[in-house]
Amino acid sequence: MEHKTSFYKALKAVVWKDLMAELRSKELISGMLVFSLLVIFIFNFSLELSPSTRAAVTAGVIWVTIIFAGTIGLNRSMAVEKDRGCLDGLLLAPVDRTAIYFGKSIANWIFMLIVAAIILPIYSLLYNSNVFSPGLILVILLGSEGYVAVGTLLASMAVQARTRDILLPILLFPVIIPILIAAVKASNGFLTGIPFAELTNWIFLLIAYDVIFTSVAFMVFDAIVEE
Amino acid sequence: MTSKPRLLKVLDITTFIFFILALLMVFFIAPLEKVMGAVQKVFYFHVAAGWVGMISFMVAAIAGIIYLVKKDSKWDLVGYSAVEIGIAFTMINVITGAIWARPIWNAWWTWDPRLTTATIMELVYFAYLMLRQGIDDPERRNRFSAVYAIVGFISVPLTFFSIRIFDRTIHPVVIGSNDPSAVGAFDMTSLMLQTLLFSILVFTILFADLMWHRIRLGQYMNRVDELKLKIQD
């Protein structure tokens, strides 16, 4: 008799497992956070972020920070599974494998959003300018979803390779350039107060990217974990 | 060792003759463009190489899908061969474009949607090669590269559209309607169009010929690996 746990139950369990593990070790989020702060500081000195130049590059700085920190998070989140043989354990469980993919993606998404939620106020504080707007939050939600959808898929490939430390960014960056462009443009628009109606192109592009890549990843994930 | 199939020999000779014909057409039959002069002649092979690059990557993505369904390593070889050929031709496309752009746009490179997309596409497939290098187990390598060929190919049009909304293009669109902001556009005479279409045809035949050779080479490489294993036993 084949007994399969339902999709949502399995998905919830994977997300819960990742969140609990993170709550206990705190190594992923703390790593991403410290790294993000360092990136902001490096930008500060390399771009000489004076008040006049700052406005034009804020969106770019925020997105590059999120994307770099995300790479660290994705690599770590899959490496943990691989190193201690947890991935094999997960795969042995009688659940739908796409539930594992979505579970990992949602957990990674949550981590990225937590990091974004911390660095945005810090950025506002450091540069004495309010970067909060509902539009920007929407862009971050959509942008990081697409990023995590592809990122989780490619990270689960990269950790199984010999050259895994350098492989993830090389695989991921050329593929997520559309997200970066749309997200930076839309964020920039919201930060400079351009009305929502003029930015719908970018929002639609982000949504299209999210839908396409989430469904592609959903279809091919099985091929990555089958042994 | 099996000897070269007769059909392949015929294809080789046909490709060679057609290529010479295409060169003759480009240099002697197609009229000289009045404003740009001789440098415009790069256009025929530039478009044809870009076309072959696109087909190669499409073939790689389709081979990837078939591989994931059938799990037959033959399709991995098809995909890998197509990617290698696609990289070479996209490189030719970008470099010939730069040669043309230097006198016409007064710069080797601009951050134009088409140029940028072609180059990012090239980077996607460099990443594909690095992915293959990093995995030792052949079965796993085949699966992963099939997945990446699919994901990479889907991202290319999205990259193009996102950069297209970002900037107006200055790249001429020679066939169909033309953007008034394009620099270096021209109207094709019928002889120019014929030369272009013939070049595209020749490059497509060249693609088929190279694919065939590359697949044969891959099969021999597999044979060599098998023989090496036998010697070790």
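Note that the structure is a prediction, hence the values are computed from the model and not measured.

Cut-offs used in this document
- Residues numbered from 1 in each chain as written.
- Chains lettered and ligands numbered in written order.
- Predicted model: local features only at pLDDT ≥ 70, side-chain atom pairs only at ≥ 80, totals over all residues.
- Helix = DSSP H or I, 4+ residues; strand = E, 2+ residues; numbered from the N terminus.
- Rg over C-alpha atoms; globule rule 2.2 N^0.38 Å.
- Buried ≥ 20, exposed ≤ 12 C-beta atoms within 10 Å, placed from the backbone.
- Contact = placed C-beta atoms within 7 Å.
- Nonpolar A, V, L, I, M, F, W, Y, C, P; charged D, E, K, R; others polar.
- Expected span 1.5 Å × (residues − 1).

Draft legend 1. Representation of the overall build of chain A. Looking only at helices and strands, chain A features eight helices and zero strands. Starting at the N terminus and walking to the C terminus, you meet the elements of chain A as α-α-α-α-α-α-α-α. Taken over the C-alpha trace, chain A has a radius of gyration of 18 Å; the compact-globule value for 227 residues is 17 Å, and the two agree within 12%. Seen through its C-alpha atoms, chain A measures out along the principal axes to roughly 65 × 35 × 30 Å. Scored against the burial criterion, the 227 residues of chain A give a buried share of 43%. Taking contacts inside chain A between residues at least 6 apart in sequence as the whole, the part at least 24 apart equals 81%.

Draft legend 2. Region of interest: the interface of chain B and chain A. Facing 28 residues of chain B, the contacting portion of chain A comprises 24 residues. Elements that contribute at least two residues to the side of chain B that touches chain A include exactly helix 4 (113–133) and helix 5 (138–166) of chain B. Looking at the side of chain B that touches chain A residue by residue, the class counts come to 20 nonpolar, five polar and three charged.

Draft legend 3. Focus on helix 6 (residues 134–158) of chain A. Taking 1.5 Å as the rise per residue, helix 6 of chain A with 25 residues should run 36 Å; its terminal C-alpha atoms sit 35 Å apart, in good agreement. Among the 25 residues in helix 6 of chain A, 20 count as buried, and that is most of the element.

Draft legend 4. Structural view of unusual backbone geometry. Here Lys26(A), not a glycine, exhibits a phi torsion of approximately 55°, which is positive. One can find Lys26(A) in the loop between helix 1 (7–25) and helix 2 (27–46). Exposure remark for Lys26(A): the 11 C-beta atoms within 10 Å place this residue in the exposed category. Even without glycine at this site, Asn106(B) takes up a positive phi of about 65°. If you trace the backbone, Asn106(B) turns up in the loop between helix 3 (73–105) and helix 4.

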